[in-house]
Amino acid sequence: MAQATPRVSLPRAGGTLARRTALGVFVAVLALLTTQAIVDAAEIAVGVTGAMSPFAPAALVGSTIAAGTGAALTYAAVDRFSARPVRNFVAIATAVFVIMLVPVFVVAPAMGVTSTGQGVLVLYHLLVAVPLTAFIVGAVGR
């Protein structure tokens with residue numbers, strides 16, 4: 001009987017998970033800030049501006065750190081209570097991604113975010129979700 005080898009390396013130690021999460025957060029923050037600089041330079045009309053804007057650097061960095069913390073804690077819990085942590089974590093991450101898009105379409109317009117701004121926010125959600133998930137499960141950064 002052939003034994004299957006995993007395609008991702010599972011973080012079994014807290015230090016490994018913390019390192020992977022930190023790398024995912026770093027890549028996501030870098031992608032967000034670079035993209036926001038492009039949006040600003042191109043003068044794309046996203047709507048709301050200022051310190052309370054979802055496009056402000058502090059909001060982008062803070063929400064990414066919060067997402068990384070939540071993702072790491074979720075992975076740790078799934079790893080502890082599941083025989084297939086990667087599959088289950090990716091399923092949870094996908095569900096959370098979809099749920100987190102609800103405010104983009106419900107709350108953001110009330111804040112003054114334009115339709116273009118909503119599209120940018122969806123892109124930002126992807127720029128956070130993909131690296132975090134990929135680094136945490138070990139698909140990159142081994």
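This structure is a prediction, so every number in the text was calculated from the model and none was measured. (Residues numbered from 1 in each chain as written. Predicted model: local features only at pLDDT ≥ 70, side-chain atom pairs only at ≥ 80, totals over all residues. Heavy atoms only, no water.)

Our focus in this paragraph is helix α1 (residues 14–41). In this model α1 runs 40 Å from its N-terminal to its C-terminal C-alpha over 28 residues, within 8% of the 40 Å that 1.5 Å per residue would give. Along α1, the positions that sit buried rather than exposed are Leu17, Arg20, Thr21, Gly24, Val25, Ala28, Val29, Leu32, Thr35, Gln36 and Val39. Here the buried face of α1 lies against α2 (57–81) and α5 (115–137). Where α1 ends, the next residue or the one after it, Glu43, has phi of about 55 degrees, a positive value. (Helix = DSSP H or I, 4+ residues; strand = E, 2+ residues; numbered from the N terminus. Expected span 1.5 Å × (residues − 1). Buried < 20%, exposed > 50% of the residue type's maximum accessible area, 1.4 Å probe, protein only. Contact = heavy atoms within 4.5 Å.)

In this section: the confidence of the model for the protein. Looking at the protein as a whole, its pLDDT mean stands at 91, while 89% of the residues score no less than 70. Ranking the elements of the protein by mean pLDDT puts helix α4 (residues 108–111) last, at 92, and α5 first, at 97. (pLDDT = per-residue confidence, 0-100.)

Let us look at the layout of surface pockets. Taken as a whole, the largest pocket spans an internal volume of roughly 770 Å³. Contributing to the lining of the largest pocket are 30 residues, with Ser63, Ala67, Met100, His125 and Val128 lying nearest its centre. Looking at the lining of the largest pocket, the elements that each hand over two or more residues are α2, α3 (85–106), α4 and α5. (1 Å grid on protein atoms, 1.4 Å probe; cavity = no way out; pocket = protein on both sides within 12 Å on 5 of 7 lines; lining within 4 Å. Points joined across faces, edges and corners; volume = space filled by probe spheres on them.)

Looking at the secondary structure, you find Gly117 in helix α5. In this structure the C-alpha to C-alpha distance between Gly117 and Val39, which are 78 residues apart in sequence, comes to 9.8 Å. Contacts of Gly117, omitting those with residues within four sequence positions, involve Ala45, Val46 and Phe55.

To continue, consider α2. In this model α2 runs 36 Å from its N-terminal to its C-terminal C-alpha over 25 residues, within 8% of the 36 Å that 1.5 Å per residue would give. By the burial criterion, the buried members of α2 are Leu60, Thr64, Gly68, Ala71, Ala72, Tyr75, Val78 and Asp79. For α2, the elements touching its buried residues are α1, α3 and α5.

It is worth spelling out the side chain of Arg20 at this point. Structurally, Arg20 can be placed in helix α1. No salt bridge is formed by the buried Arg20; the nearest opposite charge belongs to Asp79, separated by 9.4 Å. From its side chain, Arg20 meets the backbone oxygen of Ile136 in a polar contact 3.4 Å long. (Lys, Arg positive; Asp, Glu negative; His and termini not counted. Salt bridge = Lys/Arg side-chain N within 4 Å of Asp/Glu carboxyl O. Polar contact = N/O pair within 3.5 Å; in protein donor to acceptor, adjacent residues only side chain to side chain.)

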